[in-house]
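# Fold and geometry: a report
So you can see what is in the structure, the chains are spelled out below.
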Amino acid sequence: RVKPTLVVFNSILGASTRAAEKGDAGGEVVERLLSEMRRMGVAPDLTFFGSCMSLLAAASLEGRASSREAKRIIEQCRAAGLAPTPEMYRLWVKVLSNEVLRGKGSARDGTKVLDFMRSVGAYVTPQVYCSVLDLVSRAALHSRGSVGDAEAILADMAENEVTLTEQALCSYLQVARAEGGKTAAVSAWNVFAASPPKVRSQRAFTLLISVLARSGQRKTAWALIDVLRSTGVQPNTYVYNAALSAAPDAASLLELHAKMEAEG
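My aim in this report is to walk through the structure given alongside it, one point at a time. (Residues numbered from 1 in each chain as written. Predicted model: local features only at pLDDT ≥ 70, side-chain atom pairs only at ≥ 80, totals over all residues. Heavy atoms only, no water.)

## Details of the packing of aromatic side chains
If you walk through the whole model with that rule in mind, you get 5 aromatic pairs. Aromatic side chains tryptophan 92 and phenylalanine 116 sit 5.4 Å apart centroid to centroid with 85 degrees between the ring planes, which places their arrangement in the edge-to-face category. With tryptophan 92 in helix H5 (residues 86-101) and phenylalanine 116 in helix H6 (residues 108-119), this residue pair connects regions lying 24 residues apart in the sequence. The same class applies to tryptophan 92 and to phenylalanine 116, which are both buried. Here the aromatic cluster, defined as three or more aromatic residues joined through ring pairs, consists of Tyr89, Trp92 and Phe116. The ring of phenylalanine 192 carries the charged tip of arginine 200 above its face, separated from the ring centre by 5.4 Å. (Phe/Tyr/Trp six-rings, centres within 6.5 Å; stacked < 30°, edge-to-face > 60°. Helix = DSSP H or I, 4+ residues; strand = E, 2+ residues; numbered from the N terminus. Buried < 20%, exposed > 50% of the residue type's maximum accessible area, 1.4 Å probe, protein only. Lys NZ or Arg CZ within 6 Å of the ring centre and 35° of its normal.)

Listed below in structure tokens is the structure:
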């Protein structure tokens, strides 16, 4: 009988991850494979542990994997003398984020991952920060996260000299949109105004217009169309759709419609 090697187990895990993406496999596959590897004396490597996190992230979309399982993989990886990659930590946050979508957990769960990473000396990458901000935006939809939570993440980034990216800015603005209200809109405006011009993408403008419109500040939201044009960036369909919902009156709607037709 041929003894299975790490390559064989990695292949099985890869196929299981594809099954998890279709909702046909869950976190139990990971534990079963690790148990079988221990029994056969096959030591998992960093690639295997990383693939375990990919499977758990995919399975969590259907509620078939938990953040507890994800954390256990991180701990087992470290116990094996291996340093989890930033992508593995990002996937842990993704599992948490999917739980939040189902109404379980809160924004605090994301910051716990950041705390854990620092406790073990792991560098928090911009991608991990963005994932945590995304988690906060999902938590805000269930009133379990707030602009205050997102601002704490931005402050953490600044303290650790992590540059604000376009993705991070947009994730923050999504939190403000989910929370709604004038206070969130003011905070969103301040963060946007203080951000580097290079990260103020069409998507960022679209989100800010939406945040302002939802808080009743339609004239300010409307004016952002001209601000965007002044940067040399032509508004796209998404910007125009957001602007239409922010139009302060019927005349403005007609004016915007005429501009859209003129620009094709």
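## Points about the packing of helix H3 (residues 46-60) against helix H4 (residues 67-79)
Relative to each other, H3 and H4 sit at 175 degrees, their axes nearing to 10 Å. By the angle class used here, H3 and H4 are roughly antiparallel. Touching Leu46, Phe49, Cys52, Met53 and Leu56 of H3 are Glu69, Ala70, Ile73, Ile74, Gln76 and Cys77, all from H4. Its residues assigned to classes, the contact of H3 with H4 shows 9 nonpolar, 1 polar and 1 charged. (Axes fitted to C-alpha atoms, helices over the stretch in contact; angles between N-to-C directions. Parallel < 35°, antiparallel > 145°, perpendicular 65-115°, else oblique. Contact = heavy atoms within 4.5 Å. Nonpolar A, V, L, I, M, F, W, Y, C, P; charged D, E, K, R; others polar.)

## Here we look at the side chain of threonine 111
Mapping threonine 111 onto the fold places it in helix H6. Look at threonine 111 and you get buried, because its relative accessible area is 18%. Looking at threonine 111, its side chain comes within polar contact range of the main-chain oxygen of arginine 108, at 2.7 Å. In this structure threonine 111 touches Val132 and Ile153, once residues within four positions along its chain are discounted. (Polar contact = N/O pair within 3.5 Å; in protein donor to acceptor, adjacent residues only side chain to side chain.)

## Describing the environment of threonine 237
Within the secondary structure layout, threonine 237 lies in helix H13 (residues 237-246). Remark: the alpha-carbon pair of threonine 237 and methionine 53, spanning 184 residues in sequence, is separated by 36 Å.

## Here we look at the layout of surface pockets
Roughly 200 Å³ of internal volume is contained in the largest pocket. Taken together, 14 residues make up the lining of the largest pocket; nearest its centre are Arg90, Cys130, Ser131, Asp134 and Gln167. Residue assignment for the lining of the largest pocket shows that the elements contributing at least two residues are H5, helix H7 (126-141) and helix H9 (166-179). Residue composition of the lining of the largest pocket, by class: 2 nonpolar, 7 polar and 5 charged. (1 Å grid on protein atoms, 1.4 Å probe; cavity = no way out; pocket = protein on both sides within 12 Å on 5 of 7 lines; lining within 4 Å. Points joined across faces, edges and corners; volume = space filled by probe spheres on them.)

## What about empty space enclosed by the protein?
Enumeration over the complete set of coordinates arrives at 1 cavity of 30 Å³ or more. Its volume calculated, the largest cavity comes out at about 50 Å³. Going through the elements one at a time, helix H2 (28-40) and H4 are the ones with two or more residues in the lining of the largest cavity. Here the lining of the largest cavity is composed, by residue class, of 3 nonpolar, 2 polar and 3 charged.

## Observations regarding H7
Look at H7: 23 Å from first C-alpha to last across 16 residues, which is about the 22 Å you get at 1.5 Å a residue. Within H7, burial applies to Val128, Tyr129, Cys130, Ser131, Val132, Leu133, Leu135, Val136, Ser137, Ala139 and Ala140. Looking at the buried side of H7, the elements it contacts are H5, H6, helix H8 (147-159) and H9. Positive phi appears at serine 143, one or two residues downstream of H7, with a value of about 60 degrees. (Expected span 1.5 Å × (residues − 1).)

## Examining the side chain of threonine 206
Tracing the chain through its elements places threonine 206 in helix H11 (residues 202-214). A relative accessible area of 15% places threonine 206 in the buried class.

## Comments concerning a positive patch on the surface
Residues Arg68, Arg72, Arg102 and Lys104 make up a contiguous surface patch of positive charge. By the secondary structure assignment, arginine 72 is in helix H4. Among the residues examined, arginine 72 registers a relative accessible area of 33% and is labelled partly exposed. (Patch = residues over 30% accessible without salt bridge, like charges linked within 9 Å, V, L, I, M, F, W, Y side chains within 5 Å. Areas by Shrake-Rupley, 256 points an atom, 1.4 Å probe, with all protein chains shown as cover. Salt bridge = Lys/Arg side-chain N within 4 Å of Asp/Glu carboxyl O. Lys, Arg positive; Asp, Glu negative; His and termini not counted. Charge placed at Lys NZ, Arg CZ, Asp CG, Glu CD.)

## Examining the pattern of salt bridges
Applying the stated criterion to the full structure yields 8 salt bridges. Its salt-bridge partner being aspartate 156, residue arginine 118 comes within 2.2 Å of it at the nearest N-O pair. Here arginine 118, found in helix H6, pairs with aspartate 156, found in helix H8; they are 38 residues apart in sequence, far enough to count as distant. Of the residues examined, aspartate 156 reaches a relative accessible area of 18% and is grouped as buried.

The quantities given are spatial measurements derived from coordinates; they are silent on function.
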